[in-house]
Amino acid sequence: MKDAEPSHTPLDSPGPTDASPGGHSPVEITPIVTTTSPRRQKRKRIRFGLLELLLLTTLVAAWLPVILAQRKIPVFESEIETMRLASTQLIVVDDRKLNARTMPSIWSNINSWKYYLPANADHELRLATEHINSISYPSDYLAAALPAGEHSIHFKCTNDADGYHSVVYVDDEIVLEKHHPKSWIDSQGSSSTGDFSGQSTAHALDVPLKLKIQRFSAKHPLKKYQSMDVPDEYDSKGNYLWISPTATVPEPSPVFYLSGNKYSHDGVGHRQGTKVFRSQQTGFIGLIGILPSIEATRGDDRQSYPYCPLGITVHPVLDGQQVADALEENGTSLGVPLSLRDSLTPPERHDESYAREPITKASIKEDGKTMRIFAHYKPFETGAKPIVEIIFDAAHPNRVGFLPHAAPGSASMKACQFMTRFDARYLWREIELSTDETQEGPSEHERQPLASLYPNTDFTEPDYPTDADIAPFAWRNIAISKLPISNSLVATMQNTNIQTRQLNLTTNVANATELNYPPGLPNNWRYEGIPNRQTWLLPTVGSENEPEITVELRGGSVFPTAQLPVPGGPVIQNVRITVPMPAKAPVWLEIAADPIAASQ
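From a predicted model like this one, the values you see are computed outputs, not experimental measurements.

## Structural notes on the nonpolar core
I288, I390, F402 and W536 are the most contacted members of the largest nonpolar core, which has 79 residues in total. For this core, the element with the most residues is strand β33 (residues 571-580), which contributes 5 residues. Not counting the four nearest positions on each side in its chain, F402 is found in contact with I288, I290, I312, V388, E389, I390, F418, W536, P586, V587 and L589. Listed in part, the 25 residues of the second largest apolar core include I153, V168, F196 and L241.

## A look at a nonpolar patch on the surface
A cluster of nonpolar side chains, L56, L59, V60, W63, L64, V66, I67 and L68, forms an exposed patch at the surface whose accessible area comes to about 750 Å². Given the relative accessible area of 40%, I67 is considered partly exposed.

## Topic: the pairing of strand β22 (residues 399-406)
Of all 8 residues in β22, 7 are buried; the element is thus mostly enclosed. Note: strand β21 (residues 386-393) against β22, 6 bridges, orientation antiparallel. Along β22, the bridge assignment pairs I387 with H405. Remark: 5 residues form the turn of the hairpin made by β21 and β22, two consecutive strands paired antiparallel. Here β22 runs beside strand β34 (residues 587-593); their pairing, made up of 4 bridges, is antiparallel. Counterpart to V400 in the pairing with β34 is L589.

## With respect to the confidence of the model for the protein chain
For the protein chain, per-residue confidence averages 84 on the pLDDT scale, and residues scoring 70 or more make up 83% of the total. Every residue in residues 1-25 scores below 50 in pLDDT, and together they form 10 contacts with partners more than four places removed in sequence or on other chains.

## A few points about the pattern of salt bridges
Considering all chains together, one arrives at 17 salt bridges under this definition. Among the salt bridges present, the one from R372 reaches E389, with a minimum N-O distance of 2.4 Å. Residue R372 is found in strand β20 (residues 370-377), and its partner E389 is found in strand β21; the two are separated by 17 residues along the sequence. Given the relative accessible area of 7%, E389 is considered buried. With a closest N to O distance of 2.9 Å, R576 and E552 form a salt bridge. Placement of R576 in strand β33 and of E552 in strand β30 (residues 550-556) is noted, with a sequence separation of 24 residues between them. We classify E552 as buried; its relative accessible area is 13%. Through salt bridges with shared partners, a single network forms among E430, E432, R447, R533 and D594.

What counts as what
Residues numbered from 1 in each chain as written. Predicted model: local features only at pLDDT ≥ 70, side-chain atom pairs only at ≥ 80, totals over all residues. Heavy atoms only, no water. Core = buried A, V, L, I, M, F, W, Y, C linked by side-chain atoms within 4.5 Å. Buried < 20%, exposed > 50% of the residue type's maximum accessible area, 1.4 Å probe, protein only. Helix = DSSP H or I, 4+ residues; strand = E, 2+ residues; numbered from the N terminus. Contact = heavy atoms within 4.5 Å. Patch = residues over 30% accessible without salt bridge, like charges linked within 9 Å, V, L, I, M, F, W, Y side chains within 5 Å. Areas by Shrake-Rupley, 256 points an atom, 1.4 Å probe, with all protein chains shown as cover. Salt bridge = Lys/Arg side-chain N within 4 Å of Asp/Glu carboxyl O. Pairing = 2+ DSSP bridges. pLDDT = per-residue confidence, 0-100.

Following this line, the structure appears as structure tokens:
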């Protein structure tokens, strides 16, 4: 049996159709054609020969150093110029100006400079050794003409058994010299600054330029081998050497001080006396900070920030309201925020920002003897709007006056209270009271201890303070008739002078450095300066119908906020002065060195 041979149909043979007897449709097969992409057809390989490769290498080798050099040359030029200016040679940057530079020091007490001065310039070299401050040039100085051209200046400061010697040379010739005895100053060191550096610089001819400002530090009055801090605006002894146009005459140093930086809390007021400031820091809002003079707190550490050894809070008393305690039991209530301005006119709205707190020379009277600024308070909840006029008198650098006013739209005020803060720091424990209340002129007085106001209180220092020991004592009223009559007269709003009585608080501590402060006491509560006193000058009334100023004291046995015992027992913590409104004359606060301490 033969196998059936498979049938083969040609690919191009027609297939069955619907009409075909088999009933199958013919299938049309389309041949697959492979095409090449035009991109692949057009792409060509880069071809170069050995000659082209050599030319490309030569081109890169020739221009690469140029490109790198263009990047480095400015850096090299800058470094060369810096080294040129920093060399020991004076480079005249601009021959129309004063060119100068410092020279490397050859000895610890010798300074040298090189300068170039144009031929048409008329300048002199000036030297002062006293009244050196950061506000102005000294007005008392020695001077010598400065030759034109290129020269050297040398300054030599030495001290020996004969005293202190300051000598200035131009080239090799002595042109200025100042000598002081050994007793001139008792210093533990000095600090120096100047306008010039080790590089040659050019300066305008119409501006004085400082070569050297050397300020001798002051010896601590109570501690051995230690110096004390003196603010830059205070006068110091030392050496002030500068170049100035001959026609330029320095103005006298100002009596009053306007701080250039309101954020630094260095205050406004007497340049070398009491100042006031305000702060937005927690614990100081609503407080008029009092910065006593260096002479009043000589030896005190002023490094704390902000330095606020004493403060004043203001509290209005409305008509029909009892004069109640404005301080809370813990003594931490400070009042409402305030801003300091040089105008009595209040701003349209309360603004506490330092940037919009103008205190300008407009606050200083034309005769230069009085300065007035104004503390504007945010309205109290009672509707009271007090404005406190703060007065500085050039004749009394340790004093500051307070005169309360009522702003437009304020609720009617019966009185205005001024309360001191942080009194415990100065260890005031004694009150001076008059021995003859009927005397009309300045009266004799004697010191009474704080314990005399609290006969039922145990003034011995407890070993383990209880809550009762920590709590402040009750307020005690001091009759104004018991206060000594003062030699000072104060001016009223009508420019008439009236008599004053004075409240004097003193300490029984002769040397605060010998105290044993409790462990953990913050530095802002430690006082190690000379003994001083707090004095209030209070105007008396002119008739029996006028209400009198009232005086109150409050004692305590701990430092407020620190709640640690005061060494030696209770001290005065607060003073409260209530001034009837409208006020006719300011009350004056003075912090000054105790006369006994000053004589030692």
